[in-house]
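One letter stands for each residue in the lines below.
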Amino acid sequence: MKYRHIVLIVVLILVVDQALKFWIKTHMTIAEQFPVISDWFFIHFIENEGMAYGLKFGGEFGKIALTLFRLIAVVIGFFYMRKLVKEKYHNGLLVCGALILAGAAGNLIDSMFYGLIFSESTRYELAQFMPAGGGYGTFLHGNVVDMLYFPLFDGTLPSWVPFWGGEHFIFFRPVFNIADAAISVGVITILLFQKRFLHRKTDAENQPVGTTQQAV
């Protein structure tokens, strides 16, 4: 795999992620939702100020710190991916690295620019792109747009379940976006296949079958 393939994967994920977020921001109000597949997959619009899956980190200072950390991580990530390509690491690791890098970049764009280019989304009004009066926030203070919601189980737990028996329970409750999904898939796949992925191809492995090296 070449470095341009890594860049292509990142760009494709960013285009899909940002296109969906733009559509959500300009066509849905906060908390609005509609079903995609039956009653277990919904598009549900929320925004969060912090990390993936709606987690938060340290208020305003934490938000700026998190955004700057994402920016530094993405820049370093591109250089590190180039290094992994040159050192001929497993293609699986390179693809997963590209997924993680794309996910980080996708949420970084929200945090850096959405406060500047969109008006505020509310429960009653759609956001406007490039509003005349300016956006709802400043540089580095944008909210991350989430919309993918998979309540695979939504019901009451049996009474015999310890602690939570008889209570209403939803699984899977977090609302996330394509960038979050790319990060999760990349990280989980690396953990599952780390023995295979964390391996560099040797010159012998790269040599075509049936050929031998001639002694100098």
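This section reports on the structure supplied with the text. Model, not experiment: these values are computed from the prediction.

**A few points about the overall build of the protein chain**
- Each helix and strand in the protein chain was counted, giving six helices and six strands.
- Scanning the protein chain from its N terminus toward the C terminus, one meets helices and strands in the order α-β-β-α-α-β-β-β-β-α-α-α.
- Taken over 216 residues, the protein chain has a buried fraction of 36%.
- Partitioning the contacts of the protein chain with sequence separation of at least 6, the portion at a separation of at least 24 is 67%.

**Brief notes about the sheet that holds strand β3 (residues 144–149)**
- Here we have four strands laid out as an open sheet, ordered β1-β2-β3-β6, and antiparallel in their pairing. Only two strands of the sheet have a single partner each, and these edge strands are β1 (33–37) and β6 (175–176).
- As paired elements, β1 and strand β2 (residues 41–48) share four bridges and run antiparallel to each other. In the strand pairing of β2, Pro-35 is matched with Phe-42.

**Considering the packing of aromatic side chains**
- The tally for this structure, following the rule as stated, stands at twelve aromatic pairs.
- With a centroid separation of 5.1 Å and an interplanar angle of 65 degrees, the aromatic rings of Phe-22 and Phe-118 are classed as edge-to-face. Taken together, the positions of Phe-22 in helix α1 (residues 3–27) and Phe-118 in the loop between α3 (91–117) and β3 put the pair 96 residues apart, joining distant regions of the chain.
- Within the aromatic cluster, the residues linked to one another by ring pairs are Phe-22, Tyr-114, Phe-118 and Phe-129.

**Structural notes on the environment of Met-28**
- Inspection of the secondary structure puts Met-28 in the loop between α1 and β1.
- Beyond its immediate stretch of four places on either side in the chain, Met-28 contacts Trp-23, Gln-33, Phe-34, Ile-43, Phe-45 and Leu-126.

**Describing the side chain of Asn-107**
- The residue Asn-107 is located in helix α3 in this model.
- Those residues in contact with Asn-107 that lie beyond four places of it in its chain are Lys-21, Arg-70, Val-144, Asn-177, Ala-179 and Asp-180.

**So, α1**
- Taking 1.5 Å of rise per residue, the 25 residues of α1 would be expected to cover 36 Å, and the 36 Å separating its terminal C-alpha atoms lies within 8% of that figure.
- Among the residues of α1, those classed as buried are Tyr-3, Ile-6, Ile-9, Val-10, Ile-13, Leu-14, Asp-17, Gln-18, Lys-21, Ile-24 and Lys-25.

**Section: the packing of α1 against helix α4 (residues 178–192)**
- Closest axis-to-axis distance for the α1/α4 pair is 9 Å, and the angle between their directions is 145 degrees. Facing α1, whose interface residues are Ile-13, Val-16, Asp-17, Leu-20 and Lys-21, α4 presents Ile-178, Ala-179 and Ala-182.
- Of the residues contributing to the contact of α1 with α4, the split by class is six nonpolar, no polar and two charged.

**Section: the environment of Ala-65**
- Within the element layout of this structure, Ala-65 appears in helix α2 (residues 59–86).
- Placed 75 residues apart in sequence, Ala-65 and Leu-140 show a C-alpha to C-alpha distance of 9.4 Å.

**Some points on the packing of α3 against α4**
- Two elements in contact, α3 and α4, have axes separated by 7 Å at closest approach and are oriented at 150 degrees. By the criterion of interaxial angle, the relationship of α3 to α4 is roughly antiparallel. The element α3 and its partner α4 pack so that their crossing is left-handed. Residue-level inspection shows Leu-93, Cys-96, Leu-99, Ile-100, Gly-103, Ala-104, Gly-106 and Asn-107 of α3 in contact with α4, the latter providing Ala-179, Asp-180, Ala-182, Ile-183, Val-185, Gly-186, Val-187, Thr-189 and Ile-190.
- Grouping the constituent residues of the contact of α3 with α4 by class yields eleven nonpolar, five polar and one charged.

Rules behind the numbers
Residues numbered from 1 in each chain as written. Predicted model: local features only at pLDDT ≥ 70, side-chain atom pairs only at ≥ 80, totals over all residues. Heavy atoms only, no water. Helix = DSSP H or I, 4+ residues; strand = E, 2+ residues; numbered from the N terminus. Buried < 20%, exposed > 50% of the residue type's maximum accessible area, 1.4 Å probe, protein only. Contact = heavy atoms within 4.5 Å. Pairing = 2+ DSSP bridges. Phe/Tyr/Trp six-rings, centres within 6.5 Å; stacked < 30°, edge-to-face > 60°. Expected span 1.5 Å × (residues − 1). Axes fitted to C-alpha atoms, helices over the stretch in contact; angles between N-to-C directions. Nonpolar A, V, L, I, M, F, W, Y, C, P; charged D, E, K, R; others polar. Parallel < 35°, antiparallel > 145°, perpendicular 65-115°, else oblique. Left-handed = near helix turned anticlockwise from the far one by under 90°.

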